[in-house]
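Geometric and topological summary
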Amino acid sequence: MTSNHTDCHYCLQSLRGRKYALREENAYCVTCYDSLFANPCEECKQPIECDSKDLAYKGRHWHEGCFKCAKCSHSLVEKPFAAKDELLLCTECYSDEYSSKCFHCQKTIMPGSRKIEFKGSSWHESCFVCQYCRQPLGTKPLITKDNENYCVPCFEKQFAHHCYSCKKVITSGGVTYHDQPWHKECFVCAGCKTQLSGQRFISKDEYPYCVDCFSKLYAKKCAACKKLITALGGAKFISFEERQWHGECFNCAKCSVSLVGQGFLTRQDDVLCHKCGSA
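Residues numbered from 1 in each chain as written. Predicted model: local features only at pLDDT ≥ 70, side-chain atom pairs only at ≥ 80, totals over all residues. Heavy atoms only, no water.

**Thoughts on the overall build of the chain**
The condition that has to hold: Helix and strand labels come from DSSP, where a helix needs a run of H or I of at least four residues and a strand needs a run of E of at least two; each type is numbered from the N terminus. With C-alpha atoms as the basis for the radius of gyration, the globule rule is written as 2.2 Å multiplied by the number of residues raised to the power 0.38. The contact criterion used throughout is that any non-hydrogen atoms of two residues lie within 4.5 Å. Accessible areas in this description were obtained via Shrake-Rupley with a 1.4 Å probe; residue shielding takes into account the shown protein chains only. Counted as positive: Lys and Arg. Counted as negative: Asp and Glu, with His and the chain ends omitted from the count. A single reference atom marks each charge: NZ on Lys, CZ on Arg, CG on Asp, CD on Glu.
Per the secondary structure count, the chain includes 5 helices and 22 strands. Its C-alpha radius of gyration of 45 Å places the chain more than 25% over the 19 Å reference for a compact globule of 279 residues. Expressed as lengths along the three principal axes of its C-alpha atoms, the size of the chain is roughly 150 × 40 × 30 Å. For the chain, the share of sequence-separated contacts (at least 6 apart) that also reach a separation of at least 24 residues comes to 12%. As displayed, the chain offers around 19000 Å² of accessible surface, 48% of which is attributable to carbon and sulfur atoms. One way to put it: in the chain the 37 positive side-chain charges average out to a point 12 Å from where the 31 negative ones average out.

**Digging into the pattern of salt bridges**
To be explicit about the condition: When a carboxyl oxygen of Asp or Glu lies within 4 Å of a side-chain nitrogen of Lys or Arg, that pair is called a salt bridge.
Following the criterion strictly, the structure yields 4 salt bridges and no others. One salt bridge in this structure joins lysine 115 and glutamate 117, with 3.1 Å as the shortest N-O distance. A single network of salt bridges, built from pairs that share partners, joins Glu42, Arg60 and Glu86.

**Some points on the packing of aromatic side chains**
Selection criterion: Stacked, tilted and edge-to-face are the three classes applied to pairs of Phe, Tyr and Trp rings, where Trp contributes its six-membered ring and a pair requires centres within 6.5 Å; stacked means planes under 30 degrees apart, edge-to-face means over 60, and tilted covers the rest. Accessibility here uses a 1.4 Å probe with only protein chains present; expressed as a share of the type maximum, an area under 20% marks a residue as buried, one over 50% as exposed, and anything in between as partly exposed. Lysine NZ or arginine CZ positioned within 6 Å of the ring centre and within 35 degrees of the ring normal marks a charge as sitting over the ring.
Evaluation of the coordinates by the stated rule reveals 23 aromatic pairs. Ring centres 5.5 Å apart and planes at 70° place the aromatic pair tryptophan 182 and phenylalanine 187 in the edge-to-face group. Here tryptophan 182 falls in the buried class, since its relative accessible area comes to 12%. Directly above the ring of phenylalanine 159 sits lysine 145, whose terminal nitrogen or CZ lies 5.2 Å from the centroid. Taking NZ or CZ as reference, lysine 204 lies 5.2 Å from the ring centre of tyrosine 218, over its face.

**Quick notes on the pairing of strand β16 (residues 207-210)**
Strand residues, when the strand is regular, have side chains that alternate between the two faces of the sheet. Condition: Strands qualify as paired when DSSP identifies two bridges or more between them.
By the bridge criterion, 4 bridges tie strand β15 (residues 201-204) to β16 in an arrangement that is antiparallel. Pairing of isoleucine 202 across the sheet is with tyrosine 209, part of β16. Between β15 and β16, which pair antiparallel in sequence order, lie 2 residues; one of them, aspartate 205, sits at a positive phi of approximately 55°.

**A word on the environment of isoleucine 143**
Within the secondary structure layout, isoleucine 143 lies in strand β9 (residues 142-145). By relative accessible area, which is 28% here, isoleucine 143 ends up partly exposed. With 52 residues separating them along the chain, isoleucine 143 and threonine 91 place their C-alpha atoms 34 Å apart. In contact with isoleucine 143, other than residues within four places in its own chain, are Glu148, Asn149, Tyr150, Val152 and Phe155.

**A look at the pairing of strand β19 (residues 237-240)**
Strand direction decides the pairing type here: β19 and strand β20 (residues 243-246), joined by 4 bridges, are antiparallel. Bridge pairing links phenylalanine 237 to histidine 246 in β20. What sits between β19 and β20 in their antiparallel hairpin is a turn of 2 residues, with glutamate 241 showing a positive phi close to 50°.

**Describing the layout of surface pockets**
Going by this rule: Only protein atoms enter the 1 Å grid used here, on which a cavity is any set of points holding a 1.4 Å probe that cannot leave and a pocket is any open set flanked by protein within 12 Å on both sides along at least five of seven lines; residues with an atom within 4 Å of a point are listed as lining. Grid points are joined across faces, edges and corners, and a volume is the space filled by probe spheres set on the points. Residues are grouped as follows: Ala, Val, Leu, Ile, Met, Phe, Trp, Tyr, Cys and Pro are nonpolar; Asp, Glu, Lys and Arg are charged; every other residue, Gly included, is polar.
Its boundaries defined by the atoms lining it, the largest pocket holds a volume of some 230 Å³. Forming the walls of the largest pocket are Glu42, Glu43, Arg60, Trp62, Cys66, Lys68, Cys69, Ala70, Glu86, Leu87 and Leu88. Secondary structure elements with two or more residues in the lining of the largest pocket: β4 (60-63) and β6 (87-90). Across the lining of the largest pocket, the residue classes tally to 6 nonpolar, no polar and 5 charged.

So yeah, pure geometry; function would need other evidence.
Encoded structure:
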């Protein structure tokens, strides 16, 4: 190397006719440069002199001939490698020792290749596909059923229930009424449209009604207490000549004995037991 520099910046010896190296625009003879600036080799611990190639990785340095796999000793120069616990390994050795296996094909996922992590398992990107259409899932939304993964459109096509009311897919939860699936928000009172999920309701002509609407629209009044008669809780009622009574209200108008399951007589609007009716 020729230069306008004539003396070594450190030892001040003439550089005429000698090899030298530059650092921060200062010239050094080879001996001074190596003693001052040469990096020690990670493998052999000897300085990497300026006329040798210095291979560096994460702040560590190697001679070209020392840059080898820690297990099989094959050269790593210009080859892919992986690091584990401060050791450098060729991809084959690293895979044998540390690489995860693909959940689908059970083959090694090689270092540097793309992989998918899902529910604690690893997959080759090309193996992580929809069970039905076989298209890659990548980071798309997916649904798992019986340990198989599906893209959302395929899952809905194959397995999802459709709401009886709005005909759209029920993705979670839902209500069953008359053996048909409904969204919770679609299962409403036929009268006031209040949601009925988790509420008491009564069916009439295949339609569900909240208690208030059913009572206003259809419930009869008890001839005795004048209160509404509903079917909630399996309550029993008695009907006679267009009049209805709660079971507990169907009593003799005179002595108040229960007439449920008993013979009775009528006198104008009253119902009487045989004893009171014959008196």
